[in-house]
Each structure stands twice: as C-alpha cells, then as structure tokens.
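# Reading the structure
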Amino acid sequence: MTKTVIPIGPQHPLLKEPLAFQIMLEGERVTDSTMRMGYVHRGIERLCQERTFIQNIHLVERVCGICSHVHAMTYCRAVELLLGINVPPRAAYLRALLCELERIHSHLLWLGVLARNVGLDTIFMYAWRDREVALDIMEALSGGRVSHAVNIIGGVRSDVTPEQREEILEQLTTLDRQVNWLLGVVEHERSLQTRTKGVGLLSLQQVRRYCVVGPVARASGLDADMRRDEPRTPYDRLSFNVPMHTAGDVWARTLVRMQETLISVELCRDILKEMPEGPLAVRAPRRVPPGEAISRSEAPRGELFYYVRSDGSDTPARVKIRTPTLPSLLTLPQQLKGVTMADVSVVLSGVDLCIACADR
Amino acid sequence: MSDTSRLNATYDRIVCALAGLCLSAETRIKSAPGDELVIRLPVENLRAAVAVLVNQLGVTHLTTITGEDLTPELTLKYHFWQERGFTLEVELPGEAPVVATIVDLVPGAALYEREVYGMFGIAVEGHPDLQPLLLPDGWEGPPPLRKEGDRD
Amino acid sequence: MEQTRTYDRLPTPRGTKMQREEGPKACRKSLGPGAEGSSRQQIAGDSRTEPTKRRLQRYVDAVVRWARRKSPWILHYNSGGCNGCDIEILATLTPRYDVERLGILKEGSPRHADILLCTGPVTLQSRDRLRRIYEQMPEPKWVVSVGTCSCSGGVFKGAINVVGSVDQVVPVDMYIPGCPCRPEAIIDGLAQLLRSIE
C-alpha cells in the first residue's frame, strides 16, 4: 500500500481554522497525524499582565469571537471574587441570558459548518439564517452582534426594557420553531447520518483520560456541565436537562448540540420571565486586593477556566485562561486514526474547534 | 488561615489521602461556592500525589496547569476537579527548573505540560513529545511569561 | 455603520525601507492584465495596423475588466484574529446578506482567488504563511483587511507575538475597520473595491 503524507492548513479549504496538520495515509486510510498549533497565538496572557483589570475585559472578550461574552463574564467573575463583591441578581440573569443566546448562535454556526463539510449546503444556509435571529436578539440587548461589551466589574451595563422583553420572547418563539424544524431535518436526513455515524469515535474511557469537556464529552456519555455542577445564580433557580448520548461519534455530538440549543431557548425564556427587578451593577474599586481566584463557567464548547492573581495593584499579576478546545485537540489523532481521507473534515468539524480560543 | 470547618467531605478525603505527601493544605483560592483547596507539595512528591489521586480517589479531570513566575522561584498549579475544584501546588527553582511528567497518569496533561515548557522554560522530564505548544518557529529570547529578560 | 476608506492603488514605492527589508517579494504590478505593456510596444512598431489592433486591445481590456468586476472570488485567511470577523465574513455568504448576488464566491485555494480577505493582526507564526498565500494568488489581486486589528493591530498592538497590521506584511487595497465589522460594512467595502477596479 502506498504511503502518502498530506499537509492540511493553516489555510486549507477543508479546515476553516488556522491549524496545521500532517495526515499520514496508507491508501485511503489515515494511519497517523500530527498537529502544529500557534498560528493565532497572540500572547494574551502576557498582555493581560501589562494592562489594568478594566482594560482586560475588552482584551479577554477578544480571545474568541464566537464565545466572547462568556470569556468576559468569567474573567469579571474572577475579579469580583477577588474584590469580594456580589453582582446584583438582575445582572446575573442578564449575563446568563447572553450566555444562552451565545450557545444558541455557536451551536447553529457549528451545525452549518458541519453540514457544509459533508456537502449539505442547504442545511448550512438554513442554520445560518436561523442563527441571525439569535444575533438580532443579542444586538438588541447589547448593541453588538458578535462582541457585546456588556460586562463590567460588578455587573452589566445594558438592560432589557419591558417592550424589548416582549419582542425577544416573540423572537424566541420563532427560534424555537426553526430549531425544532432543523432538528427534525437533521434527524431524518440520511446522508448526514451516513457521513457522521461511527466517525470520530471517542469512548467514555478516552474522554475521561484526555479530560475532554463540553458537548464532545457529553456525546460520549460523560455527565459534566458546569452550569449544573458549580451552580451560580440564576442556574441554581432554573431547572434544565443536560442532554447526553453514549455513541461518542460525530452524530451523537450533533444530537447533543441540537438538543442543547433547544434547552437554551427554553432557558432564555425562563430567564426573561423570572428576571428580578433591581440595579444592574455595584460600584467596584479600581485597586484589587491581593489574592487568587478561580472562575469556571460553561462556554458553548465546554468548561471555561480563568485563574486570576492580584498583587494589590491595578494590573493583574497573572491571568491564566484554559479554553475548552484544548483538550479536544489532544484527542484528534485518536479520532482520525482509521478514518478515510474524506472523513477527515467531518472529524475536524465534529469537535467544534476554535483555534483562536486554544491559541490565545 | 486554614479553615477546617469549611472543608467539605470531598476536601477531607483528598487531604487525608495526601496527608503524608504534602507540606500544607489550606483553602486559599477564592472561588464561587466557598474557597478552593490548595495542597502544597515538594516537587519530588508530585507524581506520588497524582498517583494517589488517580488510583485511590478516582480523580480523572485535570482542568489545566498554571505556571507562575514569582521571582525568584516558579510555581506550578495543577487544577483538578472532582465534585469540586482543588489545586496541587509545587514550587520550582528559577534556575533550570525541572518537573516530572504526569502524562502517564493523566494523559490529558500532555498539551498543558508542553505549554508550561514553552511559556516558562520548565523542562518536563519524561514527556513523550516535549516541544513548545504555541511559540512560533525559531522563537528567540526568553520564555514569554518569565519575568526576567525583555520586560519593560 | 463603520466608514470605509478606499485605496485603489497601493502606496508601495520601490526601494522604500519596508520593501527592501520585509516587504513582500512580489511587487504589485499595474491593475490591468500583466502582459498589457509589452504587447502595446509591439503593436506600436507596426504603424499600418496600429489603430485597429489598439482599438481591439482596448475592447478586450474593457471586457476583461467587466468580467473581473462581475465575478470576484474571495479567499479568506485568519492571520491571528479572534474569529469574530471570520464568522461575519461567513455570514455575508448566508441568506440574509447573500454576497453571491454580487457575483462574489468564497474560494478555498489562493490560486483561484482574486481578493484576499485578511482578518486579525499578523502573528509571527502566520506572517510567512500570509506572504506565501499572497504570492500564490494570480495577478491581478487585491487585499482587503477586515477588522480593526487587521487594519492597525487593535487591542493586540504591542503583544509579544504580534507583528502588527496586515499592511506591514502584504500591500492592502481596502481597510474595513470595526470590531468586528458588520456584514454590511464588509459588503460595502467589497462593493467599493469592485467599483474602483473599473
């Protein structure tokens, strides 16, 4: 059998993200693969140490453009822990609302990318059309489609008016209908199933060994969701399911993500209905007392982790960011082994890579 | 400022299991439902401690490894998760720091150890593929997160 | 909406410091077809057929320009950005914005592309890659830098691993600021670029 080495990336039609792969083939089958990261490494962790706590909100929001709000929120939570302040309940609800909207937009975006990679351009177009509804809501809430800049240390800076609330509830109904329809299409689309079933397999044991998080882990049967495992306001007051599957292939990941999208729509509704009245932010001092804080939250791709240490000045002494894509990247050689060359793009899009997150 | 009354059952189990290996255990890092446990270890006990966690307590999830330059020494924090987050902390000398790998115990540590190697120049002994994770090809100059060097 | 600036011809004077030291090897030629200059000189020698041939050449050039303007293929490269502009570029292809009605098609290979859309600041690791992609594109080619950090470095200015804006590595024809740019701004920028091709 002839052996071939195929380089993929950092710019490649198969891969939308700047990441370089060397895929070793024997005939049609992948035997081995190596990966080179760092194409979008900007040095954000070091830059954070050179800027003030307040400037850093805008910086960490630009770690990733897809889950920008959850980055800023997790960072702000860590600084609030250091300051020992609690955000007002209304601010916590508004943050969670944007988190859930971001999950909807991220998962629909991912479905589109997967569909495009398996050649179903129609589903790509539909998914991205429906995603615009979520972006519209976020734009109404914050003024930005992708980066929101609503988080400040001590709360949020934009509010929902009662008229907006009604409008958003109406848009959520549309979104609910569309996502349900999309889930129906995905479930009955045989060509999508034949391309994704049994591809990119990860067992529960592998997921545990490689410390994988998020939808990829939940599709292999690992029951972990930071919203439930480390509950904060408002998730401790809301009831929601964590969808789980056990097959561990790209198909199971599709189902997990689509079901999560539906749950997120439902959560958005509950959050809007139960949102308490009150102030949006509390005043936070500029100087942060010395100490260390850890903040975890559930980003669309899984557990997001921030570690912030302050030495008492107005700049942090250390900010460590662990994004959920990093452990998923580690499993790629395992997932790629044995698949055909045509399935490589399915595997790569199946884990929902965000290299901007992973490289920082 | 060890506040034993606040350690819940999980923390108690971890502290008991690692009692012979650690220098100190305290709930130091601020986190949401109460402060997080930090167990300080001598660097030569790290592998033994992780082995206890993995084999006896069934800990599987390593969130990440945080390196820090607290001139003159360096620290590494291994953030684990089992029901609650907790951290193992080791201290390394600033000159020629070396730490043993835990990849064979927790395979998910592979990328984090490579990152620590690139960003702090901490040699990870026994790592199967030790090269910087994120630095560009032909990076010259000190590891970017070390405090000596070109910092202005 | 963000303002867009148009540079229909790029200021890359020969022999400037940037070009000698780290500017792209491939120097920008005129915007017309590459062989244009030499064929005109040949025609000029033959005085009897000159007017007819020149007129013909002019017609052909006009048709080529028209065709080029009607179907620009774009290539997208993220040289170090946060994905924010990248998803907005992808959003321009989708039903709400549908940039394909302007004849614009997203292309995967640099060898088929007319316009390079760059997002993000340029990092050390992707600098040579960006240059290579630019050199692989056939003439004539245009570069659009999408997003504030691609135009100026943005929030990442001064980061240890960031070279800076895209125009420090390849010549840029159009700057679209915004963090991230809205799809409308991207479409407006592309439309202005296409108008300037005429």
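Here, residues in each chain are numbered from 1, in the same order as that chain's written sequence. Here the convention is simple: chains get letters from A, ligands get numbers from 1, in the order in which they are written. For this predicted model, a pLDDT threshold of at least 70 governs which residues receive local features, and a threshold of 80 or more governs which side-chain atom pairs are given and counted, while totals over whole chains, interfaces and linings are taken from all residues.

## A few points about the overall build of chain B
Put simply, the rule reads: To qualify as a helix, a DSSP run of H or I must reach at least 4 residues; to qualify as a strand, a run of E must reach at least 2; elements of each kind are numbered from the N terminus. For the radius of gyration, the atom set is restricted to C-alpha positions; the globular benchmark scales as 2.2 Å times the number of residues to the power 0.38. Note on burial: count the other C-beta atoms lying within 10 Å of the residue's C-beta; 20 or more is buried, 12 or fewer is exposed, in between is partly exposed, and C-beta positions come from the backbone. For every residue pair, C-beta atoms are placed from the backbone, and the pair is scored as a contact if these atoms sit within 7 Å.
Scanning chain B from N- to C-terminus turns up three helices and seven strands. Sequence-ordered secondary structure for chain B, helices as α and strands as β, is α-β-β-α-β-β-β-β-α-β. The C-alpha radius of gyration computed for chain B amounts to 16 Å, which stays within 12% of the reference 15 Å derived for 152 residues, consistent with globular compactness. With the principal axes as the frame, chain B shows a C-alpha extent of 50 × 35 × 25 Å. In chain B, buried positions account for 43% of the 152 residues. Across chain B, contacts joining residues at least 24 apart in sequence account for 47% of those joining residues at least 6 apart.

## Points about the sheet that holds strand S2 (residues 36–41) of chain B
Residue and element names in this part refer to chain B. Let me state the cut-off plainly: Pairing between strands is defined by DSSP: at least two bridges between them are needed. To get an axis, fit a line to the C-alpha atoms, keeping to the stretch in contact for a helix; angles then go from 0 to 180 degrees between the N-to-C directions.
Read from one edge of the open sheet, five strands run S1-S2-S5-S4-S3, paired in mixed fashion. The outermost strands of the open sheet, each flanked by one partner alone, are strand S1 (24–29) and strand S3 (61–70). Shown here is a sheet whose adjacent strand axes are inclined to one another by a mean of 25°, direction ignored. Bridge count for S1 against S2 is five bridges, and the pairing is antiparallel.

## Some thoughts on the sheet that holds strand S6 (residues 291–299) of chain A
Residues and elements named next belong to chain A. Taken together, the three strands give an open sheet; going across it, the order is S6-S7-S8, and neighbouring strands pair in antiparallel fashion. Edge positions in the open sheet fall to S6 and strand S8 (316–322), since each of these has one partner strand only. Across the sheet, the mean angle separating the axes of adjacent strands is 15° when strand polarity is ignored. As judged from the six bridges shared by strand S7 (residues 302–310) and S8, these two strands associate in the antiparallel manner. What sits directly across from Tyr 306, in S8, is Ile 321.

## Some details on unusual backbone geometry
Across the junction of Thr 71 of chain B and Pro 72 of chain B, the peptide omega takes the value 10°, indicating a cis bond. Examined against the element boundaries, Pro 72 of chain B turns out to sit in the loop between S3 and strand S4 (73–82). With omega at -10°, the peptide bond leading from Glu 139 of chain C into Pro 140 of chain C counts as cis. Looking at the secondary structure, you find Pro 140 of chain C in the loop between helix H5 (124–136) and strand S6 (142–146). Although it is not a glycine, Ala 149 of chain A sits at a positive phi angle of roughly 55°. By secondary structure assignment, the location of Ala 149 of chain A is in the loop between helix H5 (121–142) and strand S4 (151–152).

## Regarding the nonpolar core
Applicable threshold: Each nonpolar core comprises buried Ala, Val, Leu, Ile, Met, Phe, Trp, Tyr and Cys residues, the members being joined through C-beta atoms within 7 Å.
Core analysis: the biggest nonpolar cluster contains 206 residues, and Val 79 of chain A together with Leu 116 and Val 144 of chain C have the highest contact counts within it. Among the elements that take part in this core, helix H4 (residues 89–117) of chain A stands out by supplying 17 residues, more than any other.

## Observations regarding the confidence of the model for chain B
All names here are of chain B. Put simply, the rule is: Summary of the metric used: pLDDT quantifies the predictor's per-residue confidence within the range 0 to 100.
A residue-level look at chain B finds 92% of positions with pLDDT of 70 or above and a mean pLDDT of 82. Ranking the elements of chain B by mean pLDDT puts S1 last, at 78, and S3 first, at 90. Note that residues 1–7 has pLDDT below 50 and, in this model, 10 contacts with residues that lie over four places away or in other chains.

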